[in-house]
Amino acid sequence: MKKIFDDIYVGSNIISKLNDYTKDFDKVLVFSNEIIADLYFEKFKSTFIEKDKIFYFTIKDGEEYKNIESILSVYDFMLENNFSRKSLVISLGGGVICDMGGYISATYMRGIEFIQVPTSLLAQVDASVGGKVAINHPKCKNMIGSFKSPYRVLIDVEFLKTLEEREFKSGMGELLKHSFLTKDKKYLEYIENNVEKIKTLDNEVLENIVEQSIRIKKHYVDIDPFEKGERAFLNLGHTYAHALESFFAYKAYTHGEAVAKGIIFDLELSLLREQIDESYLERARNIFNLFNIDTDLIYLDSDKFIPLMRKDKKNSFNKIITIILDSEGNLSKTEVKEDEIIKIIDKYRNNFLRASIDIGTNSCRLFIAEVKEIDKEISFKKEIFKDLEIVKLGEDVNKNKFLKEEAIQRTLKCLKKYRELIDEYSIEEEDIVCFATSATRDSSNRDYFIEKVFDETKIKINCISGDEEAYINFKGVISSFDKNFKENILVFDIGGGSTEFTLGNMNGIEKKISLNIGSVRITEKFFLENGAYNYSEENRNRAKEWIKENLEKLEEFKKENFILVGVAGTTTTQVSVREKMEVYDSEKIHLSNLTTKEISDNLDLFIKNINNNKSVKGLDAKRRDVIIGGTIILKEILEYFGKDFIIVSENDNLMGAILEGVNRKNDRCNK
């Protein structure tokens, strides 16, 4: 362990040192979030010697919980357990926890001591040092806070070994900021010479970069502890970053991701004022690119974005204040004018938001993404928002070929909600791609439905054919694979009313077909009797025979060699159930393998529990009514092709629509 300042220690496996710093306090509160608690509370409990005076409190993970409601629950706990002015808070977590733990300490009984034990790279180089503690106001980040220095800071780089890659990159965004705050370029050169060791989490290198980053920050804190002057330079990139985080309600971008973009904004301003040249800006981009950190600004509605920049706590007299620098590395605070903001953001018109809406037989889904357009080709950059709502638009369409009015109203209510979300993000009409599939194209009153939706939401529905659906599905899936991927893939999407099959590779699509087998269709046809579900063996066998008859149309596909890839709810649910996910984790599901045995086991589990009205961990209640039918279709597809496993893709027709759009030449349905 290395003592780099009187109150700050850096090292590996140094948590046991906490015993030296807790013995003079009557009670100790270890404050954390639920995720960190699951990883480390047991280790902490075995580390402390005076176990009787140690208390533990957790909140949910996420920036959205950094608010006064969460703080009040901690106060209640401390009062109920008689914490006094001689008590101590230990903040164990990332930036949110360090900020909140410090705020609790600064305000409980007008101030008690606290120790920061930061577990993320971002917190280790930023939130744990400097004494700024705060919580968020609903309208602005870090608006409620104080200045209070921690009693001790213990930085253990071993915590970084359990950090998700995205969170590590977020920390690097903040850490790299410090390289712009010193004229001594040895720090930046050290980082550039040790990129691979940083990525592989070499302890010695991590300790070095964390130490140097803290020394740079501590320099500014010591000369200006209450941010009256030069300490403001630590906010390089933060005026834009805080506005970006607020625009997306703190959910789309991590703080470090936003800061990286914010630094480029400030450098664009420096370039605009001829303080730096284009090569300086390009080198800055390359520094972030070393760690795959995106620095493109997003083209957003200035009428919504500029007011958010005005809310930054650095501002006064209604001026927007940010930081610029020159080619020699001299920093200065400056007012940025609205016309300058607009000029800078306008440079990034090719980096924008795009939305796709899938109106299916059983559900409506919304996907909002950050994309980039180069030479009229759209590339996906980042998921911003996803939502699914069960609307059962296709209820009884199989029987009467007619969309029920109550089903239309359910769908309309969902689409109105989606329209509000899209408008909040100011997505332009040309970048909203909405398509309807089998339930709509099979219905006799589809024109009435399409017109009603447009009249009440201004959302233009493209009612697409099965072939078109298969095409955008394939485009969504193939985007997941490396461009050097050579093999054929057969993509299938089990929808509510139909299942699309598309065979192809990186060079394009070779075959595609849409079959009228789907999770809603099979459920209504074989398992729903007089409003009650009957999953008897006899009904299941009848359903299997029906599927096999339909699959015979795939005979030409059997002659090809391919990897089988499944998309959408029926298939992804198999993985979430296998993993017993309490919270759906798309990153764990995407491109995972799913075996025939696992599908069979899931089917047995569904039949047993759903028949007995029991819940299944990992099964979204929204899919409960159709999951057995969908799983039977899935199992039969694997058996038909003689496959032992499939690859599961999160990217499907929503992604395909984002990248490719849909056929807008004809708003009518082709069967």
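Anything mentioned here points back to the structure above.
Residues numbered from 1 in each chain as written. Predicted model: local features only at pLDDT ≥ 70, side-chain atom pairs only at ≥ 80, totals over all residues. Heavy atoms only, no water.

What follows is about unusual backbone geometry. Positive phi, close to 55°, is recorded for asparagine 13, a residue that is not glycine. By the element assignment, asparagine 13 lies in the loop between strand E2 (8–11) and helix H1 (18–22). According to the relative accessible area criterion, asparagine 13 is exposed, its value standing at 52%. Despite not being glycine, alanine 568 shows a phi value in the positive range, around 75°. (Helix = DSSP H or I, 4+ residues; strand = E, 2+ residues; numbered from the N terminus. Buried < 20%, exposed > 50% of the residue type's maximum accessible area, 1.4 Å probe, protein only.)

Between helix H7 (residues 186–193) and helix H9 (residues 203–223), the least distance of the axes is 11 Å, while the angle of their chain directions is 155°. On the basis of the axis angle, H7 is roughly antiparallel to H9. Every pair of crossing elements has a handedness; the one defined by H7 and H9 is left-handed. Packed against H7, whose contacting residues are Tyr187, Tyr190 and Ile191, the element H9 presents Val205, Asn208, Ile209, Gln212, Ser213 and Ile216 at the interface. Of the residues that constitute the contact of H7 with H9, the class distribution is 6 nonpolar, 3 polar and no charged. (Axes fitted to C-alpha atoms, helices over the stretch in contact; angles between N-to-C directions. Parallel < 35°, antiparallel > 145°, perpendicular 65-115°, else oblique. Left-handed = near helix turned anticlockwise from the far one by under 90°. Contact = heavy atoms within 4.5 Å. Nonpolar A, V, L, I, M, F, W, Y, C, P; charged D, E, K, R; others polar.)

For the rest of this paragraph, the subject is the nonpolar core. Nonpolar side chains in soluble globular proteins generally cluster together in the buried interior. Counting 106 residues, the largest nonpolar core has Met172, Phe180, Phe248, Leu267 and Ile359 as the members making the most contacts within it. Of all the elements, helix H11 (residues 255–272) adds the most residues to this core, at 9 residues. The contact partners of isoleucine 359, leaving out residues within four places of it in the chain, are Cys364, Leu393, Thr411, Leu415, Cys434, Phe435, Ala436, Thr437, Phe449 and Ile461. Counting residues in hydrophobic clusters, the runner-up holds 42 residues, among them Leu490, Phe492, Ile517 and Phe527. (Core = buried A, V, L, I, M, F, W, Y, C linked by side-chain atoms within 4.5 Å.)

Let us now look at the environment of isoleucine 155. One can find isoleucine 155 in strand E9 (residues 152–156). With 125 residues separating them along the chain, isoleucine 155 and valine 30 place their C-alpha atoms 16 Å apart.

This part takes up the sheet that holds strand E18 (residues 499–505). The strand order across the open sheet formed by 6 strands is E19-E18-E17-E22-E24-E23, and the pairing between neighbours is mixed. The two strands at the open ends of the sheet, each matched to only one other strand, are strand E19 (508–515) and strand E23 (592–595). When strand polarity is set aside, the average angle formed by the axes of neighbouring strands in this sheet is 30°. Bridge count between strand E17 (residues 489–494) and E18: 6 bridges; the pairing is antiparallel. In the strand pairing of E18, leucine 490 is matched with leucine 503. In the packing of helix H19 (residues 466–478) onto the sheet, contacts are made with E17, E18, E19, strand E22 (563–567) and strand E24 (645–649), and the angle to E18 comes to roughly 50°. (Pairing = 2+ DSSP bridges.)

Moving on to the packing of helix H20 (residues 519–527) against helix H26 (residues 627–641). At a closest axis distance of 8 Å, the pairing of H20 and H26 adopts a crossing angle of 110°. One element, H20, and the other, H26, form an angle in the roughly perpendicular class. Where H20 abuts H26, its residues Ser519, Ile522, Thr523 and Phe527 lie against Gly629, Gly630, Ile632 and Ile633. Among the residues forming the contact of H20 with H26, the class breakdown is 4 nonpolar, 4 polar and no charged.

Taken as a whole and judged by the stated rule, the model has 26 aromatic pairs. Aromatic side chains tyrosine 220 and phenylalanine 233 sit 6.3 Å apart centroid to centroid with 80° between the ring planes, which places their arrangement in the edge-to-face category. Of the two residues, tyrosine 220 is situated in helix H9 and phenylalanine 233 in the loop between H9 and helix H10 (238–247); the sequence distance between them amounts to 13 residues. The pair formed by tyrosine 220 and phenylalanine 233 is uniform in burial state, with each residue classed as buried. Three or more aromatic residues joined by ring pairs make a cluster, and in this case those are Tyr240, Phe247, Phe248, Tyr253, Phe265, Phe305 and Tyr425. If you follow lysine 218 out to its NZ or CZ, it ends over the ring of phenylalanine 5, 4.8 Å from the centre. A cation over an aromatic ring shows up here: lysine 458 above the ring of phenylalanine 454, its NZ or CZ 5.2 Å from the ring centre. (Phe/Tyr/Trp six-rings, centres within 6.5 Å; stacked < 30°, edge-to-face > 60°. Lys NZ or Arg CZ within 6 Å of the ring centre and 35° of its normal.)

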